[in-house]
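Here is how the chains run, residue by residue.
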Amino acid sequence: MTNRRTVLRGLAAAGGLLAAPAVLADGHGKPRVVVIGGGSGGATAARYLAKDSGGALDVTLVEPSRTYFTCYFSNLYLGGFQDMKDLGHTYGTLAGAHGVNVVHDWAVDVDRDAKTVALAGGAVLPYDKLILSPGIDFVDGAVPGWDVSKQNKMPHAYKAGSQTELLKAQLEAMPEGGTFAMVAPPNPYRCPPGPYERVSMVAHMLKARNPTAKILIVDPKEKFSKQGLFEEGWQAHYAGMIDRIGPDFGGDAVSVDPEAMTVDIDGSVEQVDVCNVIPAMKAGRIADMAGVTDGRWAPVNAADMSSKVDADVYVLGDAAQQGDMPKSGFSANSQAKVCANAVRGALTGSRVFPARFSNTCWSLISTEDGVKVGATYEATPEKIAKVDGFISQTGEDSALRKATYEESLGWYAGIVSDMFGV
Amino acid sequence: MIRRVLGFSPVVAAGLVSVAAAEGDVAYGEYLASECTTCHLLGATEATGGVPLITGWDAETFVLILKDFKTGVRDNAAMELVTARLGEEEMAALAAYFAQAE
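Thresholds applied
Just so you know, the residues in each chain are numbered from 1, in the order the chain's sequence is written. Chains carry letters and ligands carry numbers; both start at the beginning, A for chains and 1 for ligands, and go up in the order they are written. Given that this is a predicted model, residues contribute local features only at a pLDDT of at least 70 and side-chain atom pairs are listed and counted only at 80 or more, while totals for whole chains, interfaces and linings are drawn from all residues. With hydrogens and water stripped out, all remaining heavy atoms of the structure feed into the side-chain values. Put simply, DSSP marks the helices as runs of H or I at least four residues long and the strands as runs of E at least two long, and each gets a number from the N terminus on. Given the number of residues in a helix, its expected span is that number minus one, multiplied by 1.5 Å. Between N or O atoms, a polar contact is any pair within 3.5 Å; within protein, one atom must be a potential hydrogen donor and the other a potential acceptor, and residues adjacent in sequence are included only when both atoms are from side chains. Stacked, tilted and edge-to-face are the three classes applied to pairs of Phe, Tyr and Trp rings, where Trp contributes its six-membered ring and a pair requires centres within 6.5 Å; stacked means planes under 30 degrees apart, edge-to-face means over 60, and tilted covers the rest. For the exposure calls, accessible area comes from a 1.4 Å probe over protein chains only, and a residue counts as buried if that area is under 20% of its type's maximum, exposed if over 50%, partly exposed in between. In our convention, an over-ring charge means Lys NZ or Arg CZ found within 6 Å of a ring centre and within 35 degrees of that ring's normal. This arc is built from the directions going out from the helix axis to the C-beta atoms. Any two residues whose heavy atoms approach within 4.5 Å are treated as being in contact. In this text, buried Ala, Val, Leu, Ile, Met, Phe, Trp, Tyr and Cys residues form a nonpolar core when linked through side-chain atoms within 4.5 Å. Bear in mind that the domain bounds are from an automatic or database domain assignment. Using a 1.4 Å probe, buried area is obtained as the accessible area two parts lose upon being combined, added over both of them. Should a side-chain nitrogen of Lys or Arg be within 4 Å of a carboxyl oxygen of Asp or Glu, the pair is scored as a salt bridge. All amino acids are sorted into three groups, where Ala, Val, Leu, Ile, Met, Phe, Trp, Tyr, Cys and Pro are nonpolar, Asp, Glu, Lys and Arg are charged, and the leftover types, Gly among them, are polar.

The name an unreviewed UniProt entry assigns to chain B is Cytochrome c domain-containing protein, from the organism Jannaschia pagri.

Chain A is annotated in an unreviewed UniProt entry as Cytochrome c from Jannaschia pagri.

Quick look at the structure:
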């Protein structure tokens, strides 16, 4: 490591714009990039690095799942608007068409001095650049009474797949007039409108199957994303069905008993039939193990998503503490493309363009009643900073809401193609 | 850090880009296009949902449509936002890239 940096400083001194590969073979062939996590950040980064480098980089993607289920649109599955099979995506095109070395294993350690990643299966992967895109894990003890061993009684359904299917099965089996409770997470968390889109989709499903059922949201936050839009939609479509208890009434002092199926809200015990516990979140654990976190998240430089503590390690998506962007799949995908451009430039001398980021989050409130919020962002020395933004308005006509929903269908097809290849 | 090592500051990169801007810098366009391809499909023969395909258009039409969004002649919150920060050079680069993209 020291040797290569010394060489690089020499190269920079000799002429910073040399287009020669910056990392020359020092005992190995092509420069090696290891990407941990095959979601919106990691799959996108791996694909762009492999595709754009034309074989000049050795790109390895470490992802335990053979089929990745997107968290986005999993609420639409709960509402009956999507099939689970259409939310699952595989890595064959990344491997076959783009030449990414897809390794289905768990990364269990990162040695930043040796520049290696250890896998659960025993392999050790050396890297020149490491990209971490591990998504989220839950904070231990965030909701007293709940831990992962209780997730079959009270699903989180915030990493999509079997948990989402379990939650849907429980909702479908709920007794007539029963209560669905959601314990909403504190900020910051993955997909700010996600819990409230979920409430909308559950309400849509229950309105048809179980119209006397009730929905109780227990929320530690004063306010939430797209609140005016959701509350308007809930009144219009699901009047009398949804109650939300905010922090003023104990929404920030919640514990659960998964065996008894009770929720204790600041001393007041509610019996519920289905309970969705979405605990406080933190960066996926491998970020901690790599030693790049500060508290719950991994601080990064906005210009290229490099870690604040290691210029050869990058952190994308939900795990990154980057500034103003919400934690979303769209954000992770956007950050991945800036990062891939910078990493490729550093390793091959290709052109590096200024960072630019964007995000849009669509939510479905009821049939063809879609809303969206979006913003553009730029890199400043301190953080990723918001430039400009928009949000759907209350009182919009049904044609615009339908167009917004149809736009979300197009976006879904676009982003999964951008991540997994075509 | 990386850019300092390589001497590739954003200012230098932008300078390189402007040289080739008049005819539409395809490489810069390809980078900028990654903002578009989160929603607009590449490699498809028909659109999905409400997001049109934007590949294979002639460059002049492409720029005119971007300008229509930028000035609000065409109405879409996401496109108005994206085009708000596209200058002539960025529009030309995007048009040059998408004209030859499939």
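Engineer: I'm lost on helix 10 (residues 398-420) of chain A in this one. Help?
Structural biologist: Working note: α-helix, 3.6 residues per turn, so residues spaced by three or four point in the same direction. Residue and element names in this part refer to chain A. Over its 23 residues, helix 10 runs 33 Å from end to end, which matches the ideal 33 Å to within 8%, given 1.5 Å per residue. Its side-chain oxygen 3.2 Å from the backbone nitrogen of Ala 399, Asp 397 forms the N-cap of helix 10. Gly 421 lies just past helix 10 and shows a positive phi near 95°.

Engineer: I would appreciate a short explanation of the packing of aromatic side chains in the present structure.
Structural biologist: Any two aromatic rings considered together are summarised by their centre-to-centre distance and by the angle between their planes. Residue and element names in this part refer to chain A. As enumerated under the stated definition, the model contains 20 aromatic pairs over all chains in all. Consider the rings of Phe 230 and Trp 234, whose centres lie 6.0 Å apart with planes at 35°: the pair is tilted. On the criterion of helical spacing, the pair formed by Phe 230 and Trp 234 is a turn pair, its members being four residues apart in helix 7 (residues 227-237). Each member of the pair Phe 230 and Trp 234 is classed as buried. Put simply, the rings of Tyr 72, Phe 73, Phe 330, Trp 362, Trp 411 and Tyr 412 pair up and form one aromatic cluster. Here the basic side chain of Lys 51 rests over the ring of Tyr 48, its NZ or CZ set 4.2 Å away from the ring centre. The ring of Phe 138 is capped by Lys 159, whose NZ or CZ atom sits 5.6 Å from the centre of that ring.

Engineer: Please clarify how helix 5 (residues 162-172) of chain A should be interpreted in this entry.
Structural biologist: Residues and elements named next belong to chain A. Every buried residue belonging to helix 5 is among Gln 163, Thr 164, Leu 167, Lys 168, Gln 170 and Leu 171, and all of these are buried. Around the axis of helix 5, the buried residues are gathered within 160° of arc, so they sit on the same side. Packed against the buried residues of helix 5 are helix 3 (74-79), strand 11 (179-183), helix 6 (194-209) and strand 17 (274-277).

Engineer: How should I be thinking about unusual backbone geometry in this particular structure?
Structural biologist: All names here are of chain A. The amide bond that connects Asn 187 to the next residue, Pro 188, takes the cis arrangement and shows omega of -10°. Looking at where Pro 188 falls in the secondary structure, it is placed in the loop between strand 11 and helix 6. For Ala 157, which is not a glycine, the phi torsion comes out positive at approximately 50°. With respect to the secondary-structure elements, Ala 157 resides in the loop between strand 10 (136-138) and helix 5. Given a relative accessible area of 0%, Ala 157 falls into the buried group. Within the chain, Asp 266 stands out as a residue other than glycine whose phi angle is a positive 50°. Note on placement: Asp 266 falls in the loop between strand 15 (262-265) and strand 16 (268-271). Take Asp 266: its relative accessible area is 56%, and that puts it in the exposed class.

Engineer: Help me out: how do you make sense of the nonpolar core in this one?
Structural biologist: One broad trend across soluble globular proteins is that nonpolar side chains are buried collectively. Among the nonpolar cores identified, the biggest contains 144 residues, and Ile36(A), Val117(A), Ile131(A), Ile215(A) and Phe98(B) are the most heavily contacted of them. Taken domain by domain, the makeup of this core includes at least three residues from each of domain 1 (30-137 + 281-354) and domain 2 (142-277) of chain A. If we skip the residues at most four places from it in the chain, Val117(A) touches Val34(A), Ile36(A), Ala107(A), Asp109(A), Val110(A), Ala123(A), Val124(A), Leu125(A), Tyr127(A) and Leu130(A).

Engineer: What is the right way to look at the domain arrangement of chain A in this model?
Structural biologist: It is common to give the size of an interface as the accessible area that goes away when the parts come together. Residue and element names in this part refer to chain A. Looking at chain A, the domain boundaries give domain 1 (30-137 + 281-354) and domain 2 (142-277). Each of domain 1 and domain 2 was reduced to a C-alpha centroid, and the two centroids are 30 Å apart. Each partner contributes residues to the interface: domain 1 has 20 residues there, and domain 2 has 21 residues. Among the residues of domain 1 in contact with domain 2, Asn 75, Leu 78 and Met 281 are the three that bury the most area, contributing 33% of the side total. At the boundary of domain 1 and domain 2, one finds two salt bridges. One salt bridge in this structure joins Lys 159 and Asp 137, with 2.8 Å as the shortest N-O distance. Inspection of the domain 1/domain 2 interface yields eight residue pairs in polar contact (both at pLDDT 80 or more). Among the elements that make up the side of domain 1 that touches domain 2, the one with the highest residue count is helix 3 (six residues). Of the residues that constitute the side of domain 1 that touches domain 2, the class distribution is 11 nonpolar, six polar and three charged.

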